[in-house]
Amino acid sequence: MTIARRAAVAALCLATAAVTAPAMAQTTITIQHPLPSNSHYGAGAQALKESFERATGGRYRVNIQRNDNEREIIESVQIGTVECYIGSTGPVGNFVPAVRVVDVPFLFRDYAHARGVLDSEIGQNILQQFNARGLVGVIWMENGFRHLTNSRREVHDPGDVRGLKVRTMENQVHMRAFTTLGALPTPMAFSELVPALQQGTVDGQENPIPVIVANNLNQVQRYLTLTGHVYSPGLLICNPAMMQAMSPADRAAFMEAARAGQKANRDRVSADEASGIEELRRRGMQVVTSVDTAAFQAALASAFAQYERELDADTLRRIRAWQ
Ligand code: EAX
């Protein structure tokens, strides 16, 4: 139920209380995310739902829906027609520019580094910047390290990426990296990805193992190279009026539920990482595991120089130095 309708229903409950026992007012929070329910986002949303509904004794209902256009979900959360978003940072920098700093390629060494930084005061500072943009950055979730797939050839080194048409997210930082490598980045929403691969509008795409597995991208892509070229953070973003309408106790329960969601989401990413590559081989993908990471980093030198100039260089330095 939207906030406006909640008020109307509350009034109705008061009016009918005199004649009938009042029905308990129930508020519905809709969370949209872009993947099938059997995925790392689905796991996170479900854990949040169970925790929050239990803690509030049924006064809140959490409704989980799929919408594979992340930008559209965020716009809906800003307007208030959808209460919350779980998804990647893909298009988020277009709403909250400060987020772009965590989209930089080869910034995070591994999962422990990424999770540690995002949960630290560095990650919290970025979440605070959402308020000025009409959104609440509630907690970091996870999408995972992104790898390159394509239908043309085995990719081993940067030279193999030259001339490939690669779908990227609507993300300036990522597009800059692919342009620098000599690829032809084509930004589009996730909803357009599978048709674009089927029709050959693009040759390739890049996504974390959990997304490639959950969305059967093996059906439209033959070659997978474990480039791990960028960590893809996830986020829970909510509508400010929805958060303000909660009592302090309910808000605390919501934060607790968000932490349960974060844990389930990250646990599922870890599990998918452990089993997913074998699974994709079984489904027929050709997987290149030996990647010259140093060569990719060297090929991106001019992009890195630009990130230093255009993004928050101090935060980049602090993230790299984080132990
Ligand atoms: O958030 O658009 C993308 O490639 C994202 O990685 C995907 O929707 C999961």
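From a predicted model like this one, the values you see are computed outputs, not experimental measurements. (Residues numbered from 1 in each chain as written. Predicted model: local features only at pLDDT ≥ 70, side-chain atom pairs only at ≥ 80, totals over all residues. Heavy atoms only, no water.)

**Re the state of the cysteines**
Now for step 1: For the coordinates displayed, the defined rule picks out 1 disulfide.
Now for step 2: The residue that forms a disulfide with Cys84 is Cys238, at a sulfur-sulfur distance of 2.3 Å. Between Cys84 and Cys238 the disulfide shows an S-S torsion of about 110°. By sign, it is right-handed. In this pair, Cys84 sits in strand S3 (residues 84-88) while Cys238 sits in strand S8 (residues 223-238), placing the two residues 154 residues apart along the sequence.
Now for step 3: Given the relative accessible area of 0%, Cys84 is considered buried.
Now for step 4: Exposure remark for Cys238: the relative accessible area of 0% places this residue in the buried category. (Disulfide = S-S within 2.5 Å. Helix = DSSP H or I, 4+ residues; strand = E, 2+ residues; numbered from the N terminus. Buried < 20%, exposed > 50% of the residue type's maximum accessible area, 1.4 Å probe, protein only.)

**Thoughts on helix H10 (residues 248-282)**
Now for step 1: When the terminal C-alpha atoms of H10 are compared, their 49 Å separation across 35 residues agrees well with the 51 Å that a helix rising 1.5 Å per residue should span.
Now for step 2: Along H10, the helix axis deviates most sharply at Ser275, where the bend reaches about 45°.
Now for step 3: Among the residues trailing H10, Gly284 stands out with phi positive, at a value near 105°. (Expected span 1.5 Å × (residues − 1). Bend = angle between axes of the 7 residues up to and from the residue.)

**Examining the site of the ligand**
Now for step 1: Close to the ligand lie Pro34, Tyr41, Glu70, Ser88, Asn143, Arg146, Arg167, Met169, Phe190 and Asn207.
Now for step 2: In this structure, an oxygen atom belonging to the ligand sits 2.9 Å away from a side-chain N or O atom of Arg146.
Now for step 3: Note that an oxygen atom of the ligand is positioned 2.6 Å from one of the side-chain N or O atoms of Asn207.
Now for step 4: About the coverage of the ligand: the protein hides 99% of its 270 Å² of free accessible area.
Now for step 5: Class assignment of the residues belonging to the shell around the ligand gives a composition of 4 nonpolar, 3 polar and 3 charged. (Near = heavy atom within 4 Å. Polar contact = N/O pair within 3.5 Å; in protein donor to acceptor, adjacent residues only side chain to side chain. Areas by Shrake-Rupley, 256 points an atom, 1.4 Å probe, with all protein chains shown as cover. Nonpolar A, V, L, I, M, F, W, Y, C, P; charged D, E, K, R; others polar.)

**Points about the pattern of salt bridges**
Now for step 1: The full count for this structure, using the stated rule, is 16 salt bridges.
Now for step 2: Close ionic contact of Lys49 with Glu53 constitutes a salt bridge, the shortest N to O distance being 3.0 Å. One end of the pair, Lys49, and the other, Glu53, are both in helix H2 (residues 40-55), 4 residues apart, so they sit about a helical turn from each other.
Now for step 3: For Lys49, a relative accessible area of 18% puts it in the buried group.
Now for step 4: Put simply, Glu308 and Arg320 hold a salt bridge, and the shortest N to O gap is 3.1 Å. Taken together, the positions of Glu308 in helix H12 (residues 301-310) and Arg320 in helix H13 (residues 313-321) put the pair 12 residues apart, joining distant regions of the chain.
Now for step 5: Taking relative accessible area as the criterion, Glu308 reaches 33% and is therefore assigned partly exposed.
Now for step 6: With relative accessibility at 35%, the residue Arg320 sits in the partly exposed group.
Now for step 7: In this structure, a network of salt bridges that share partners links the residues Arg71, Glu75 and Glu170. (Salt bridge = Lys/Arg side-chain N within 4 Å of Asp/Glu carboxyl O.)

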